[in-house]
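Read off the chains here:
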Amino acid sequence: MTPATRTRTAVVDDACAAAADQARSAAEGAAGRPVGAHQGFAPEGDRLGTHFFAATDPAYAGWRWAVTVARAARARVVTVDEVVLLPGEGALLAPEWLPWSDRVRPGDLGVGDLLVTAVDDERLTPAYAAGDDLGEETVALELGFGRVRVLSLDGRDDAADRWYDGAAGPAAPIAQAAPAPCGTCGFYLRLVGGLGPLFGACANEYAPDDGRVVSADHGCGAHSEAAVRAESPDRVETLVDDYRFEEVTVGPPPLPTAPPGGSVDDAEAGEPLGHS
Ligand code: SF4
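Residues numbered from 1 in each chain as written. Predicted model: local features only at pLDDT ≥ 70, side-chain atom pairs only at ≥ 80, totals over all residues.

## Focus on the site of the ligand
Turning to step 1, where the next piece is worked out: Neighbouring the ligand are 14 residues; Cys182, Cys185, Cys202, Asn204 and Cys220 lie closest to it.
Turning to step 2, where the next piece is worked out: Taken together, the residues of the shell around the ligand break down into nine nonpolar, four polar and one charged. (Near = placed C-beta within 6 Å. Nonpolar A, V, L, I, M, F, W, Y, C, P; charged D, E, K, R; others polar.)

## Considering the sheet that holds strand S8 (residues 199-202)
Turning to step 1, where the next piece is worked out: Pairing within the open sheet is antiparallel, and its three strands lie in the order S7-S8-S9. Since the sheet does not close on itself, it has two edges, and those belong to strand S7 (188-190) and strand S9 (213-215), each with one partner. Neighbour-to-neighbour, the strand axes of the sheet open up by a mean angle of 45°, direction not taken into account.
Turning to step 2, where the next piece is worked out: For S8 and S9, the ladder comprises three bridges, and the chain directions are antiparallel. Across the sheet, the residue bridging to Phe199 is Ser215, located in S9. (Pairing = 2+ DSSP bridges. Helix = DSSP H or I, 4+ residues; strand = E, 2+ residues; numbered from the N terminus. Axes fitted to C-alpha atoms, helices over the stretch in contact; angles between N-to-C directions.)

## As for the environment of Ala177
Turning to step 1, where the next piece is worked out: Secondary-structure assignment places Ala177 in the loop between helix H6 (173-176) and S7.
Turning to step 2, where the next piece is worked out: Overall, Ala177 belongs to the exposed group, with 10 C-beta atoms counted inside 10 Å.
Turning to step 3, where the next piece is worked out: Residues Ala177 and Gly221, 44 residues apart in the sequence, show an inter-C-alpha distance of 7.6 Å. (Buried ≥ 20, exposed ≤ 12 C-beta atoms within 10 Å, placed from the backbone.)

## Considerations on the nonpolar core
Turning to step 1, where the next piece is worked out: By size, the foremost hydrophobic cluster in this structure holds 15 residues, and its most contacted members are Cys182, Phe187, Tyr188, Cys202 and Val214.
Turning to step 2, where the next piece is worked out: Mapped onto this core, the elements with two or more residues apiece are S8 and S9.
Turning to step 3, where the next piece is worked out: In this structure, Ala19, Ala23, Phe52 and Val69 belong to the second largest nonpolar core, which totals 14 residues. (Core = buried A, V, L, I, M, F, W, Y, C linked by C-beta atoms within 7 Å.)

## Observations regarding the pairing of S8
Turning to step 1, where the next piece is worked out: Both S7 and S8 contribute to a ladder of three bridges, which runs antiparallel. Looking across to S8, one finds that Tyr188 is bridged to Cys202.

## Description of the environment of Leu93
Turning to step 1, where the next piece is worked out: Within the secondary structure, Leu93 is located in the loop between strand S4 (78-87) and helix H3 (100-103).
Turning to step 2, where the next piece is worked out: On the neighbour-count criterion, Leu93 (9 C-beta atoms within 10 Å) is exposed.
Turning to step 3, where the next piece is worked out: For the pair Leu93 and Trp63, spaced 30 residues apart in sequence, the C-alpha to C-alpha distance is 9.5 Å.

## Comments concerning the sheet that holds strand S3 (residues 63-71)
Turning to step 1, where the next piece is worked out: Strand order in the open sheet formed by four strands is S1-S2-S3-S4, with antiparallel pairing between adjacent strands. Whereas interior strands pair on both sides, the edge strands pair on one side only; in this sheet they are strand S1 (38-45) and S4. The mean inter-strand angle of the sheet, taken between neighbouring strand axes irrespective of direction, is 20°.
Turning to step 2, where the next piece is worked out: Bridge count between S1 and strand S2 (residues 48-54): six bridges; the pairing is antiparallel. Paired with His38 across the strands is Phe53, a residue of S2.

Right, dumping it as C-alpha cells:
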C-alpha cells in the first residue's frame, strides 16, 4: 500500500506579511528606481513569504519584483532573503529558445559561413547505398571513387518538390505566359540521373533562370523557338512620280517693291531734321 502524501498549507506569518515597506525598500534597491503598487503577499512556508511589486521599468511591462522575506523561529526581526524580477501575467517574454539547427533557414548562409550537416541528416545517405546501378556502385566502391554521402531518396524527393512548386516550376507566372515549355527549348540542359526526365538547367543568358534548375514544363519568353527575329526591310531608292508636277521657283525670292513716290505723303509738313 502506497503511503498517502500529505501536503501542508503554508500559514501566513503576520510579521512577514507586515514587512511590505521593508520588502519595497529591497525591491527599489535592486531596481534602482521606485517600484509600483504592492501586488500581494504569498506565504511560502513557516515564517517565510514573498511580497510582489509592479515593475515600473518600461522595458519590463507586465513583470513584477518578488521579495522573499523570512523570520527565524522565536525571532521578531524579519529579513530579506531574495529579490528577483519575475514575469507576471501578460509579460513580454523572449520566444522559446531553439537550437540553431532548428532556426536556420534557406538563405541564411553567408559568405564564409559553414553549415554543418548532421550525421543522421535524412536528406543524405551513404554513397554505396544509393543509385540505380548495383554493378556500377560496386566498382566505384572498390576503386574508392565517389562521395562519402549522396542524396537519399527523401532528399531527392524534397528537392524535386521544392523546385517544382517554386519559381522554376510550371506554376510560375513567367511559365504560364511562356510560348512553349523548357523541355522544347534549345537552351535547356537536361539533368542526368533520376531527376533528368523532369528537370534541367537553363543556359540562356537572357532568361531570368539562366544557370538555374528549371522543370521541363517551366518556360519563359526567351524560349529558343519563341519567335523568328524580324529582318530589316531592304533599302529602296527614292520614288519619283513623274506623271504629275508642280511649278516651283528656282533661285532667290524677288525683293519686295516700294510703293510709288515713297512712304511719305507729299502733302504732309516736313519734319525738322535737327540741323540747319
Ligand atoms: S530560355 Fe526560357 S524556355 Fe528556354 S530553358 Fe531557359 S527558362 Fe526554359
